[in-house]
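Fold and contact review
If you want the building blocks of each chain, they are given just below.
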Amino acid sequence: MTDSPMTGTEPAPAPDDYRCGYIAIIGRPNVGKSTLMNALVGAKVSITSRKAQTTRHRITGIQTLDNTQFVYIDTPGFQTRHSNALNKTLNRTVTSTLTAADVILFVIEAGTFGPADQLVLDLVPPSVPCILVLNKSDRSKDKAALMPFAQEVASRRDFTAVVPVSAKQRFQLDRLQEEIRRHLPNNPPMFDEDDITDRSEKFLASEIVREKVFRYVGEELPYTSTVVLEKFEQEGNLRRIFAAILVERDNHKAMVIGQKGARLKEISTQARLDMERLFGGPVYLEIWVKVKSGWADNEAGLRAYGYE
């Protein structure tokens, strides 16, 4: 049961005007793609942090509203700074997602557009409806400058709509979903109306631990660290989870553990609390830190750790 997706029963037949499709969320690192998807879905199904490349997998978030099912796909930020095997794999995930999407949300920070944004925009197939999403619009000090900024960016492609939003404040998310729905195909739902993701609890647990590593170790730790679940057992409502944090060097291990184990304890506590909220039951969590050099630049190692 623990490796099955967090989904329910088969969906009921849909009316003729039902719409359902895939919505790819793309953008450079750190524009708030995961925060946006979590806000749209109404649950934390994709991890977030200030560290670039926090999202490493294609994460599906599902929201069903009346006669529409939105199937969001959160993608890794397209990476140009590093060319190791990990980032090549992540970039392949982005490009393959675009070809399967019914609608694309191109997310940028309101007031900011640079070469990294343009590089991602250049990946968008011209045949797929694309909505320009100006995230973090609540942070803009000069509101009057937003309109000419939006017009300048919109001139770079034939966008179907331009929508300023704030994912954290849930500003204009309803309007964004209205724009998305207009371009979704007439299809029956792919998932049950209560489903929020197609990912397993085991996968979500490992992602939660990785989020806490990035959040509490911060810029000190290289982004190549990852998390592997070594055991996931369920006894009634209790989940017993044993996880390993993989780092590349001994000094990285010391960073994660912290003085007298304080940092690792905080990571474990906060990860356990998040899991209990998401899974709706008690969690027993044990975490170790292990050194595994060179895993991020090894194709076989990436596949072994779940990177496609």
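Residues numbered from 1 in each chain as written. Predicted model: local features only at pLDDT ≥ 70, side-chain atom pairs only at ≥ 80, totals over all residues. Heavy atoms only, no water.

Quick word on the side chain of Gln63
- Within the secondary structure, Gln63 is located in strand E2 (residues 59-65).
- A distance of 2.4 Å separates a polar atom in the side chain of Gln63 from a polar atom in the side chain of Gln177.
- Discounting residues that sit within four places of it in the chain, Gln63 has contacts with Leu40, Val41, Thr68, Gln69, Phe70 and Gln177. (Helix = DSSP H or I, 4+ residues; strand = E, 2+ residues; numbered from the N terminus. Polar contact = N/O pair within 3.5 Å; in protein donor to acceptor, adjacent residues only side chain to side chain. Contact = heavy atoms within 4.5 Å.)

Regarding unusual backbone geometry
- In this structure, Arg170 takes a positive phi of about 60° despite not being glycine.
- When you line up the elements, Arg170 lands in the loop between strand E6 (161-164) and helix H5 (173-182).
- Taking relative accessible area as the criterion, Arg170 reaches 48% and is therefore assigned partly exposed.
- The backbone of Lys260 shows a phi angle near 55°, a positive value even though the residue is not glycine. (Buried < 20%, exposed > 50% of the residue type's maximum accessible area, 1.4 Å probe, protein only.)

Regarding the sheet that holds strand E5 (residues 130-135)
- Taking strand neighbours across the sheet as the criterion, the six strands line up as E2-E3-E1-E4-E5-E6 in an open arrangement whose pairing is mixed. Across the chains shown, the open sheet's two edge strands, defined by having one partner strand only, are E2 and E6. When strand polarity is set aside, the average angle formed by the axes of neighbouring strands in this sheet is 25°.
- Pairing geometry for strand E1 (residues 19-26) and strand E4 (residues 103-109), over four bridges, is parallel. Across the sheet, residue Ala24 finds its bridge partner in E4, namely Ile104.
- Along the sheet, helix H4 (residues 146-154) makes contact with E4, E5 and E6, crossing E5 at roughly 145°. (Pairing = 2+ DSSP bridges. Axes fitted to C-alpha atoms, helices over the stretch in contact; angles between N-to-C directions.)

Points about the packing of helix H7 (residues 250-257) against helix H8 (residues 262-279)
- Running from N to C, H7 and H8 cross one another at 65°; their axes reach a closest spacing of 5 Å. Listed contacts from H8 to Met255, Val256 and Ile257 of H7 are Ala262, Arg263, Leu264 and Ile267.
- A breakdown of the residues in the contact of H7 with H8 according to their chemical character gives six nonpolar, no polar and one charged. (Nonpolar A, V, L, I, M, F, W, Y, C, P; charged D, E, K, R; others polar.)

Quick word on the pattern of salt bridges
- Applying the stated criterion across every chain, the model contains 14 salt bridges.
- The partner of Arg239 in a salt bridge is Glu201, with the nearest N and O atoms 2.7 Å apart. Of this pair, Arg239 sits in strand E8 (residues 238-247) while Glu201 sits in helix H6 (residues 201-217), and the two are 38 residues apart along the sequence.
- Judged by relative accessible area, which is 12%, Glu201 ranks as buried.
- In this structure, Lys212 engages Asp274 in a salt bridge whose closest nitrogen and oxygen atoms are separated by 2.9 Å. Here the residue Lys212 occupies a position in helix H6, and Asp274 occupies one in helix H8, the gap between them amounting to 62 residues.
- Judged by its relative accessible area of 12%, Asp274 is buried. (Salt bridge = Lys/Arg side-chain N within 4 Å of Asp/Glu carboxyl O.)

Concerning H5
- All of the buried residues in H5 are Leu173, Leu176, Gln177, Glu179 and Ile180. Within H5, the buried residues cover an arc of 160° as seen down the axis, which keeps them to one side. Turned more than 90 degrees from where H5 packs its buried face, Asp174, Glu178 and Arg182 sit exposed. (Arc of directions from axis to C-beta.)

Topic: the pairing of E5
- For E5, the buried fraction is high: six of the six residues fall into the buried class.
- Residues of E5 alternate between two faces, with Cys130, Leu132 and Leu134 on one and Ile131, Val133 and Asn135 on the opposite face, all of them buried.
- Pairing of E4 with E5 involves six bridges; the strand directions are parallel. Of the residues in E5, the one forming a bridge with Val107 is Val133.
- In terms of strand pairing, E5 meets E6 through four bridges, oriented parallel. Looking at E6, one finds that Ile131 is bridged to Ala161.
- As a crossover connection, the stretch from E5 through H4 into E6 is right-handed. (Right-handed = clockwise from strand over helix to strand, strands pointing away.)

Description of the sheet that holds strand E7 (residues 226-235)
- With mixed pairing, the three strands of this open sheet are ordered in space as E7-E8-E9. Here the strands that pair on one side only, and so sit at the sheet edges, are E7 and strand E9 (283-291). In this sheet, neighbouring strand axes are inclined to one another by 15° on average, regardless of whether the strands run parallel or antiparallel.
- Note that E8 and E9 share nine bridges and pair parallel. Of the residues in E9, the one forming a bridge with Arg239 is Val283.
- Against the sheet, H7 engages E8 and E9, with an angle of about 155° to E9.

Overview of the environment of Gly32
- Looking at the element boundaries, Gly32 is found in the loop between E1 and helix H1 (33-41).
- Among the residues examined, Gly32 registers a relative accessible area of 16% and is labelled buried.
- Sequence separation between Gly32 and Asn135 is 103 residues, and the spatial gap between their C-alpha atoms is 7.1 Å.
- Setting aside chain neighbours within four positions, we find Gly32 in contact with Asn135 and Lys136.

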